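Secondary and tertiary structure notes
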Amino acid sequence: MKFIRLFFLTFMMITLSVYSLTVEAPKGSIVFYNGKLIGTVKEKSISFEATFPGELKVTKPGYVPFEKIITEDGTITVNLQLPAFLNISFDPPNSIIYIDNEQISREGDSTNISLQISPGIHEIKVVAPDFMQKTVKVELSPYEKKFVEISLKRTVTMKLNSDKPVKGAILNNTILDLPTQVEILPGKYKLYLPNSFVKSIQEIEVPALDEYSINIDTTEYRKLSLNGKPEKAYVKIGNEIFKLPLESILPEGTYSVEIFADGFFPYRTVVDLKNDYTLFYSLQPKQELNATELLLNSSLYESYEVLFDGYERKFLEKKPWLTSIRDKKSENMELVWVGFSDGSLKGLPSTVPIIITSKINLYYDNVVFQGPAIVQVEKESAVRFTDTKGILEGKEFIANSLTVIDETNRCLVNIYAEQISDVYWDNVFIGRTPIYLFVTTAGEHKVSFVKNGVTIETKTINVQPGVLNEIKLQR
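Please read these numbers as outputs of a predicted model, since none were measured by experiment. (Residues numbered from 1 in each chain as written. Predicted model: local features only at pLDDT ≥ 70, side-chain atom pairs only at ≥ 80, totals over all residues. Heavy atoms only, no water.)

As a further point, take the overall build of the protein. For the protein, the helix and strand inventory stands at three helices and 47 strands. The C-alpha radius of gyration computed for the protein amounts to 42 Å, which surpasses the reference 23 Å derived for 475 residues by more than 25%, pointing to a less compact arrangement than a globule. Seen along its three principal axes, the alpha-carbon backbone of the protein occupies a region of about 120 × 65 × 60 Å. Per element, the accessible surface of the protein, about 28,400 Å² overall, is 50% carbon and sulfur. (Helix = DSSP H or I, 4+ residues; strand = E, 2+ residues; numbered from the N terminus. Rg over C-alpha atoms; globule rule 2.2 N^0.38 Å. Areas by Shrake-Rupley, 256 points an atom, 1.4 Å probe, with all protein chains shown as cover.)

This is the structure in structure tokens:
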């Protein structure tokens, strides 16, 4: 029998391991562990042997008790707080009170509870059968005494929010004007709006709360009308295609619109349909040149790269294009000619481009040209230039090849994109593509291409003086 008892005690010592626990607390604090008095903190801390898990409780007269479940050994720092005082009166008498989700016990049929509580923000929840639950928050400072009155209702205060006035809505067989609030029992309801609204019937489930708020969808139908030339055109709105002219009833919103017809250039825009709206259009007819065929039948194709507004193009609208011609045989694809053409070039133009930046005057053939500009002169012509401030007294040279006249603080840049894009230069909007002869400083700059509010591409470029810098959106 003694052997069995000894074995049992040994087993218990192995199972219930004893560890050391140190509690740091204000002087005079009384420490309890698992309901047993450990002692009083005489200086800064008290240490004792403990098993885990265990319940630590620290008290001191005039302070809110500290309680915590301890699961491991070590040092526990306890900061006791001065109390606050909360008095709650409630109705009906059979209400159940929760503070921070913990039910508060009370005696008899009293409709009043007085508590000593820690300072800070606390949530009070009151529930009772056949009444609507109510939750309030209170904030208490040390030694503050606060009185809170809570009366439960048998109905819910429901707030019907709308971003625009609505007349003639119907809820629970009652005509309402929105926004408004009503007293209603919990349950499921249907709200009826006039037929001009997209969601004319909306289901509402009202919970058993003191207050409930809901946002009503007040999207209305609007009329979009499209008229213009040519009449035999089509429009793509979102993912649907319609024949023009058109009158369409659509929900309020923002729509991408593309109008197109055979033989015409398409027109794209965005419509913000907040009210009835009429869009007038006039498509531009295509008068295209077959650039590929023109180049194949000319000497340009063999030796030069020809770009129209920065790109090789198979077909060209019959209009002036900024045409760049580069020598394929040169080491760095040298730019040998730049100027405006309609694309019907048969060979390399005989003129010499002189490109001048802002605040530069170019004198040629008894005409003064002010920069920024591209001036075409005859080869071997004598030209002279000055700056508008008179710092340059007048320099003369013989025009034999493309020449750029600029300064490091006034360099020139051409910016292209196949589709029209907004351009931001160092985060500042400077216009829409194509942008010709933009004046800027030499060095690194950030350029961004934006279309319909979306940034398509951002890159850092190094602008150099003495050349015509060209930047384009990658295909």
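We are not done yet, so read on.
The next subject is the pattern of salt bridges. Enumeration according to the criterion identifies 15 salt bridges in this entry. One salt bridge in this structure joins aspartate 272 and lysine 274, with 3.8 Å as the shortest N-O distance. Residue arginine 326 pairs with glutamate 470 through a salt bridge whose shortest N-O separation is 2.8 Å. Here arginine 326 is found in strand E32 (residues 321-327), whereas its partner glutamate 470 is found in strand E47 (residues 468-472), with 144 residues between them in sequence. Via salt bridges that share partners, Lys164, Glu220, Arg222 and Glu252 belong to a single interconnected network. (Salt bridge = Lys/Arg side-chain N within 4 Å of Asp/Glu carboxyl O.)

Looking now at the nonpolar core. Formed by 24 residues in total, the largest nonpolar core has its most connected members in Trp425 and Phe449. Elements supplying a minimum of two residues to this core: strand E33 (335-341), strand E41 (411-416), strand E42 (422-425), strand E44 (435-440), strand E45 (443-451), strand E46 (454-463) and E47. When residues of this core are assigned to their parent elements, the largest contribution, five residues, is made by E41. If we ignore the near neighbours within four places in the chain, the residues touching tryptophan 425 are Val413, Ile415, Ile430, Phe438, Thr440, His445, Lys446, Val447, Ile461, Val463 and Ile471. (Core = buried A, V, L, I, M, F, W, Y, C linked by side-chain atoms within 4.5 Å. Buried < 20%, exposed > 50% of the residue type's maximum accessible area, 1.4 Å probe, protein only. Contact = heavy atoms within 4.5 Å.)

In this section: the sheet that holds strand E36 (residues 367-370). Overall, antiparallel pairing links the four strands, which are arranged E36-E35-E38-E39 in an open sheet. Looking at which strands have only one partner, the edges of the open sheet turn out to be E36 and strand E39 (395-399). Going across the sheet, the axis of each strand differs from the next one's by a mean of 30°, ignoring polarity. Summarising the sheet, strand E35 (residues 360-364) and E36 pair through four bridges and their orientation is antiparallel. Its bridge partner being in E36, tyrosine 363 is matched across the sheet by valine 368. (Pairing = 2+ DSSP bridges. Axes fitted to C-alpha atoms, helices over the stretch in contact; angles between N-to-C directions.)

Turning our eyes to something else, we now look at the packing of aromatic side chains. Counted under the stated rule, the structure contains seven aromatic pairs. Look at tyrosine 19 and phenylalanine 52: their rings are 5.7 Å apart centre to centre, the planes differ by 35°, and that puts the pair in the tilted class. Remark: phenylalanine 52 occurs in the loop between strand E4 (45-50) and strand E5 (54-59) and tyrosine 19 occurs in strand E1 (residues 19-24); sequence separation between them is 33 residues. By relative accessible area, tyrosine 19 is classed as partly exposed at 40%. (Phe/Tyr/Trp six-rings, centres within 6.5 Å; stacked < 30°, edge-to-face > 60°.)

Once that is clear, we can look at the pairing of strand E3 (residues 36-40). Note: strand E2 (residues 30-33) against E3, four bridges, orientation antiparallel. Following the sheet pairing, phenylalanine 32 is matched in E3 by leucine 37. Between E2 and E3, which pair antiparallel one after the other, the connecting turn spans two residues, and asparagine 34 there sits at a positive phi close to 55°.

A cluster of acidic residues, Glu55, Glu67, Asp100 and Glu102, forms a negative patch on the protein surface. Position of glutamate 55 relative to the elements: it lies in strand E5. (Patch = residues over 30% accessible without salt bridge, like charges linked within 9 Å, V, L, I, M, F, W, Y side chains within 5 Å. Lys, Arg positive; Asp, Glu negative; His and termini not counted. Charge placed at Lys NZ, Arg CZ, Asp CG, Glu CD.)

Our next topic: the environment of isoleucine 97. Topologically, isoleucine 97 is positioned in strand E9 (residues 96-99). C-alpha of isoleucine 97 to C-alpha of phenylalanine 52: the two residues are 45 residues apart in sequence and 33 Å apart in space.

If you trace the backbone, isoleucine 69 turns up in strand E6 (residues 66-70). Separated by 12 residues in sequence, isoleucine 69 and lysine 57 have C-alpha atoms that sit 8.8 Å apart. Here isoleucine 69 is in contact with Pro53, Gly54 and Glu55, once residues within four sequence places are set aside.

Here methionine 333 shows up in the loop between E32 and E33. Residue class for methionine 333 comes out partly exposed when judged on its relative accessible area of 28%. Residues methionine 333 and glutamate 305, spaced 28 residues apart in sequence, show a C-alpha to C-alpha distance of 8.3 Å. Once residues lying within four places of it in the same chain are set aside, the contact partners of methionine 333 are Glu305, Arg326, Asp327 and Lys328.

On to the sheet that holds E45, then. Read from one edge of the open sheet, four strands run E43-E42-E45-E46, paired in antiparallel fashion. Edge strands, defined here as strands with exactly one partner in the open sheet, are strand E43 (428-432) and E46. Averaged over all pairs of adjacent strands, the angle between their axes in this sheet comes to 25°, without regard to strand direction. As paired strands, E42 and E45 are joined by four bridges and run antiparallel to one another. Considered in E45, the bridge of tryptophan 425 is made with valine 447.

Across six bridges, strand E22 (residues 221-229) lies against strand E25 (residues 246-251) in antiparallel orientation. In the sheet register, leucine 224 faces E25, and the bridge partner there is serine 248.

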